[in-house]
Amino acid sequence: MSSTQGGSHSLAFRVMRLCRPSFQIESPLLVDPIDLLTGEDLFDDPIASSSLSRLFPSSNLTNNKSNESDLSYRHRFQLQNPSDSMGLSGLLVLPQAFGAIYLGETFYSYISINNSSEYEVRDVVIKAEIQTEKQRILLLDTSKSPVETIRAGGRYDFIVEHDVKELGAHTLVCTALYNDGEGERKYLPQFFKFIVANPLSVRTKVRIVKENTYLEACIENHTKSSLYMDQVDFEPTQNWSATILKADEHHSEVDCSTRDIFKQPVLIKAGGGIHNFLYQLKQSSDGPAQIKVEGSNTLGKLQITWRTNLGEPGRLQTQHILGSPFARKEIELQIVEVPSVTLLEKPFVVRLTLTNHLDRKMGPFEIFLSRRDLQEEKAVMVNGNTAGGSIELRGIQPGDN
């Protein structure tokens, strides 16, 4: 959709979207009469398959001779070649409409400015930009090197491209400042509007099983063509590591070596196709103490790249995915070593570790080593260590010297 402003102009913009062609599908599909008269298991019997040409001598597939002199066209729905069953004529069709534009794609446009007057125009300054709800992006500006002349009936062509990163309404604004045949300086603006839709929807679930965190990502295809997912990678934050989990597949050694070189893309069918990805996340033990203390639940984000049927690329990045927030621990006490066997009324050693997760010195601490069936408790007094350090304690059973 385009619109102009002002009075009559010698120049006019024509905009065409540059995109890959599509396959021409012949309709109706062609058939072979043999399929209508025999079953699917005909070729399983070697005797019947060898007698096929004798039973159906007029079959186009067995005879491979088309009767071009037959003016009745009674064979027009019959297969002339086995490859005709695909319905593809071998021709490619250029797009007849502007088409749908999706987030993550690259928008290419072929723009032509035509001089429809009987006089040439001079000193043409051309600008092209994309306007969205949030910003204006300049695609072309010839202010420093204007087009000297465009002859009568001539044109000036150029190509612009833009990486689509926003949803919603977009406007391609084309303007021209020129001198017409009478030497008058004129300004021509034209507007071409289009809508950017979302090609995918990504739904995530975070599950915690014991000490493991699992992220499930469900990707749904909203476009009218199948998408081949080249990459669906999870990029974790600094204090996490991620491993993708896949089902066990049994292949030969030749298939394994081939798959290492040629990575098979994941196909998500058009109009609501779904594919699930599963990642196992582990928290890094060597991360900064400050990150652990704050209890940040940011896990990371997904990087998704895909291609359409004819190879047009697309790329999206999700927002940060949040997990379940973990409790803030300032001081952590762990039992490191406990003897498996103890003797009655004999001393034994228990090794404990007291860790300070804060960024300041803590202490003194009072740590109790007690049993529920004993009323007497004996305490150990300890001075705190520096930030991030640990303290090892030796405890003696209460009542013993």
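Anyway, here's the lowdown on the structure attached to this text. Model, not experiment: these values are computed from the prediction.

Looking only at helices and strands, the protein chain has six helices and 26 strands in total. Just so you have it, the protein chain exposes about 27,100 Å², and 50% of that area is on carbon and sulfur atoms.

Here we come to the pattern of salt bridges. Across all of its chains, the model carries eight salt bridges by this definition. Between Arg136 and Glu129 there is a salt bridge, and its shortest N-O distance comes to 2.3 Å. A relative accessible area of 58% places Arg136 in the exposed class. The class for Glu129 is buried, based on a relative accessible area of 15%. Between Arg307 and Asp230 there is a salt bridge whose closest N-O contact spans 3.4 Å. Here Arg307, found in strand β19 (residues 298-307), pairs with Asp230, found in strand β15 (residues 227-236); they are 77 residues apart in sequence, far enough to count as distant. Assessed through its relative accessible area of 36%, Arg307 is described here as partly exposed.

Hydrogen bonding along the main chain pairs the strands of a sheet, whether they run parallel or antiparallel. Reading across from one edge, β13-β14-β18-β16 is the order of the four strands in this open sheet, with antiparallel pairing throughout. The two strands at the open ends of the sheet, each matched to only one other strand, are β13 (200-209) and β16 (240-245). Shown here is a sheet whose adjacent strand axes are inclined to one another by a mean of 25°, direction ignored. Where β16 meets strand β18 (residues 274-283), six bridges bridge the pair, whose relative direction is antiparallel. Counterpart to Trp240 in the pairing with β18 is Gln283.

Bringing the environment of Asn115 into the picture now. Along the chain, Asn115 falls in strand β6 (residues 106-115). Looking at Asn115, the relative accessible area reads 2%, which means it is buried. In the structure, Asn115 is positioned 37 residues away from Ala152 in sequence and 5.7 Å away in space, judged by C-alpha atoms. Engagement of the side chain of Asn115 in a polar contact is seen with the backbone oxygen of Ile150, the distance being 3.0 Å.

Analysis parameters
Residues numbered from 1 in each chain as written. Predicted model: local features only at pLDDT ≥ 70, side-chain atom pairs only at ≥ 80, totals over all residues. Heavy atoms only, no water. Helix = DSSP H or I, 4+ residues; strand = E, 2+ residues; numbered from the N terminus. Areas by Shrake-Rupley, 256 points an atom, 1.4 Å probe, with all protein chains shown as cover. Salt bridge = Lys/Arg side-chain N within 4 Å of Asp/Glu carboxyl O. Buried < 20%, exposed > 50% of the residue type's maximum accessible area, 1.4 Å probe, protein only. Pairing = 2+ DSSP bridges. Axes fitted to C-alpha atoms, helices over the stretch in contact; angles between N-to-C directions. Polar contact = N/O pair within 3.5 Å; in protein donor to acceptor, adjacent residues only side chain to side chain.

In short, shape yes, function no, at least from these values alone.
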